[in-house]
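A look at the structure
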Amino acid sequence: MIVSKLVKLSNVNALRLGRQIHFSSRGVGRSVCLAVRQLHDNMKCDQSVNANVLKSKGCDGEKPPEPPKPSQNDSMKWILGALALGGLGGLAYLLMSGKDKEKCSESSKPTTARVPLLTKDIPNKVKYLLIGGGTASFSAFRAIKSHDARAQVLMISNELHVPYMRPPLSKELWFSDQKDDDKTYRFKQWTGSERSLFFEPEQFFEQPSTLMKNDKGGIAPVQGYTVKRIDSKNKKVILKEDDYEIEFEKCLIATGCTPKNLNVFESAPSHIRNKVMIYRTPEDFEKLKTIAQTKKVVTIIGSGFLGSELACSLAKYGKPYNLQVQQMYHEGGNLAKILPPYLSEWTTKKIEQYGVDVIPNIQVKEVSRDHDKLKLLLTDGRVVITDQVVVCAGCNANTDLASISGLETDGRLGGFVVNAELEARSDIYAAGDAACFYDPLLGRRRVEHHDHSVVSGRLAGENMTGMNKPYEHQSMFWSDLGPDIGFEGIGLVDPSLETVAVFAKPSKLQRTTSNLDDPPAHYKAEQKEHSSEEKPTEKKEEVEHKPKTEEVKYEKPEMAEHKWPAFEEDHSSPDYGKGVIFYMKDNKVVGILLWNIFNRIGLARTIIKQDNTYDDLNEVAKLFAIHS
Ligand SMILES: Cc1cc2nc3c(=O)[nH]c(=O)nc-3n(C[C@H](O)[C@H](O)[C@H](O)COP(=O)(O)OP(=O)(O)OC[C@H]3O[C@@H](n4cnc5c(N)ncnc54)[C@H](O)[C@@H]3O)c2cc1C
């Protein structure tokens, strides 16, 4: 039976070309097959152009509270805190720390203190220095350690956590059974086993004060400190807190990015700003969870990955609390900057079925306070009342230290400009969200995805040990939206490019089974440096590191287990259950999105790497076994 449909393209202004491709399938109902070829305008709809940055951790939407300054007072507080732990000075410590709590009752700031409390306990000379305590930095550490077994690595982070991964913050953690006071942030992985958000437990890490004494090496995170400048000539970094200087031989900049806010909120008074947040950290997760349990309406602004994932997760999490979840954005549909318009439209309908009130094609024009709620006046004249706004409007690369350090940033893409070896200046590298790198195959790029931070961090780490390898391994990304949508992408996934798509109906059973048996490639990415193929060929001295109490891999949880509510099937619209979307440039495949198809990202990577022109993409699509 041959069933084919031509997709009705909507909101496409120029040069549209629709084409049907027919597939035969022996199974009844298995082959709604479709291919669309289109060339359309880029959707120019970034709500947050010129938006300034507002960090979310502060009380009442103000700037995040600074961790305590390293002063005599700190020492006193620390000593009193220690006494409190011993049960002797508890009251005194509580009195001191209670001051902060009072000042900032709605704050999502971390509760731990700066490590170390005084900069004198930070080594002033190290071989490897990492700026930023996120995924890219930690991946660089692993690569350095596997090539330089006794490496002593100092990591400086302005967060008060040891390194952790961010993706579960908008997905798995919302479905976890963890108790509200469990700060290990445990969640269920793909295989059903549990793990923590943190890559390694606290005891894996060295103290900064003892790092240089440990001849077996290790990594010491300096937490709650900001690097304000790099002196690239004299190879040292200068801390913002008290101008403390640290010399290095090799330095990595992996400062990530900061979520954007919107001018309409940023310019509002604090009694409005305290009901507006951005979302990036475990503290933001905690804060939003409490709001979801206690308030009536949460409004998410933004159509991208984060906004869409959070909307779906909140819709499910908030059901027992009767939470109403709204998602509004400037674009015409969810993920409009990733998906072709017809697929974005279809996804939007699905998200509505999950229980999210989606309001597309609008911006917030004005905001005011309505008793204990916010009143949003939209550009189409509508008024929306909400308890909390969560702005998910993209990210700005953290490049504050660039110009003062004589480092180039990319005016168009943002981020520190680095070459294919990820080097910005001699012995200074950049990786992760903050790096604007040269991809020899696809040109200059900046990528904000977990796997990219793993892959680029690893490459930078290897090159810091002298490997001098170019960027060759294409990273991938993924997203999960409710029970019916999961996808993985690679390369240039940009709907302003010409796209060709082939779809078939999904088989939910197969998805579940195959995922459990063979997790997709991205879950293996983090383990890759431990695999034999990645190990250096020359013999390295074996060095025992601190005991690992936990496996480091991150595996995607099985969404089917989360018992999403059953939805009415909508038979009136096409079913884009499962398919492959090719993104084309100069007749070559430069990006691939695998829609509800898993474990095939390696094949997609190979196709992009081959850099071929294809006469018939049907044949290429068949390689992905979309009907099996
Ligand atoms: C909620 C959420 C969900 C996500 N889900 C996905 C997903 O499903 N799939 C996917 O592919 N990607 C996802 N991402 C994106 C992914 O997590 C990021 O691309 C990744 O974390 C980037 O890693 P990084 O190390 O470059 O930056 P970060 O993780 O941001 O780390 C940078 C660190 O540097 C610190 N820092 C910044 N400036 C300084 C300074 N001057 N001095 C000291 N420290 C500094 C920052 O505070 C931060 O701790 C998600 C992101 C978020 C927020």
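Higher on the page you've got the structure.
So, on to the overall build of the chain. Secondary structure assignment for the chain yields 13 helices and 30 strands. Evaluated residue by residue, the chain yields a buried proportion of 56% over its 628 residues. A separation of at least 24 residues holds for 72% of the contacts in the chain among residues at least 6 apart in sequence. Total accessible area computed for the chain in this model is approximately 27,100 Å², and 49% of it derives from carbon and sulfur atoms.

What follows deals with the environment of Pro341. Locating Pro341 in the fold gives a position in helix α8 (residues 341-353). Residue classification places Pro341 among the buried residues on the basis of a relative accessible area of 9%. Along the sequence, Pro341 and Asn599 sit 258 residues apart, while their C-alpha atoms lie 26 Å from each other.

To continue, consider the pairing of strand β9 (residues 236-239). Regular strands place side chains that alternate from one sheet face to the opposite one. Here β9 shows no split at all, with Lys236 and Ile238 on one side and Val237 and Leu239 on the other all buried. Here strand β8 (residues 227-231) pairs with β9 via four bridges, running antiparallel. Looking at β9, one finds that Ile230 is bridged to Val237. Counting the residues that bridge the hairpin from β8 to β9 gives four residues, and of these Lys235 lies at a positive phi of roughly 50 degrees.

This part is about the site of the ligand. Near the ligand there are 35 residues, and of these Asn158, Glu159, Lys171, Arg280 and Asp433 occur at the shortest range. One nitrogen or oxygen atom from the main chain of Thr135 is found 3.1 Å from an oxygen atom belonging to the ligand. The contact in question runs from an oxygen atom of the ligand to an N or O atom on the backbone of His449, over 3.1 Å. Within the complex, 93% of the 1,000 Å² of free accessible area of the ligand lies under protein. Put simply, the parts of the chain that give the shell around the ligand at least two residues each are α3 (135-147), β4 (152-157), α7 (305-317), α9 (450-464) and β26 (476-481). Of the residues contributing to the shell around the ligand, the split by class is 13 nonpolar, 15 polar and seven charged.

Below, the discussion takes up the environment of Ala621. Summarising the element assignment, Ala621 is placed in helix α13 (residues 617-622). C-alpha separation for the pair Ala621 and Phe582, spaced 39 residues apart in sequence, amounts to 8.8 Å. Those residues within four positions of Ala621 in sequence are excluded, and the remaining contacts are Val502, Phe582 and Ile626.

With that out of the way, let us pick up the sheet that holds strand β18 (residues 383-386). Taken in spatial order, the three strands make up an open sheet running β16-β17-β18, and their pairing is antiparallel. Each of the sheet's edge strands pairs with one partner strand only, and the pair in question is β16 (364-370) and β18. Across this sheet, the average inter-strand angle for adjacent strands is 25 degrees, counted without regard to direction.

Quick look at the sheet that holds strand β21 (residues 416-417) now. Working definition: the strands of a sheet are paired by backbone hydrogen bonds and lie parallel or antiparallel to each other. Pairing within the open sheet is mixed, and its three strands lie in the order β21-β24-β25. Looking at which strands have only one partner, the edges of the open sheet turn out to be β21 and β25 (443-445). Across three bridges, strand β24 (residues 435-439) lies against β25 in antiparallel orientation. When the sheet's bridge partners are listed, Phe437 is paired in β25 with Arg445.

According to the stated counting rule, one finds 22 aromatic pairs in the structure shown. Measuring from ring centre to ring centre gives 5.4 Å for Phe487 and Trp595, while their planes differ by 15 degrees; the resulting arrangement is stacked. One end of the pair, Phe487, is in strand β27 (residues 485-491); the other, Trp595, is in strand β30 (residues 588-595), and 108 residues separate them in sequence. Comparing Phe487 with Trp595 shows no difference in burial state: the two are buried. One aromatic cluster in this structure is built from Phe305, Tyr342, Trp346, Phe477, Phe487, Phe503, Tyr576 and Trp595. Just above the ring of Tyr225 sits the side chain of Arg114; from NZ or CZ to the centre is 4.7 Å.

Next up on the list: the pattern of salt bridges. The full count for this structure, using the stated rule, is 21 salt bridges. Taking the shortest distance from any N to any O, the salt bridge between Glu619 and Lys622 comes out at 3.2 Å. Residue Glu619 and its partner Lys622 are both found in helix α13; the two are separated by three residues, about one turn of the helix. Judged by its relative accessible area of 43%, Glu619 is partly exposed. Taking the relative accessible area as the measure of exposure, Lys622 reaches 44% and is therefore partly exposed.

What counts and how
- Residues numbered from 1 in each chain as written.
- Predicted model: local features only at pLDDT ≥ 70, side-chain atom pairs only at ≥ 80, totals over all residues.
- Heavy atoms only, no water.
- Helix = DSSP H or I, 4+ residues; strand = E, 2+ residues; numbered from the N terminus.
- Buried < 20%, exposed > 50% of the residue type's maximum accessible area, 1.4 Å probe, protein only.
- Contact = heavy atoms within 4.5 Å.
- Areas by Shrake-Rupley, 256 points an atom, 1.4 Å probe, with all protein chains shown as cover.
- Pairing = 2+ DSSP bridges.
- Near = heavy atom within 4 Å.
- Polar contact = N/O pair within 3.5 Å; in protein donor to acceptor, adjacent residues only side chain to side chain.
- Nonpolar A, V, L, I, M, F, W, Y, C, P; charged D, E, K, R; others polar.
- Axes fitted to C-alpha atoms, helices over the stretch in contact; angles between N-to-C directions.
- Phe/Tyr/Trp six-rings, centres within 6.5 Å; stacked < 30°, edge-to-face > 60°.
- Lys NZ or Arg CZ within 6 Å of the ring centre and 35° of its normal.
- Salt bridge = Lys/Arg side-chain N within 4 Å of Asp/Glu carboxyl O.

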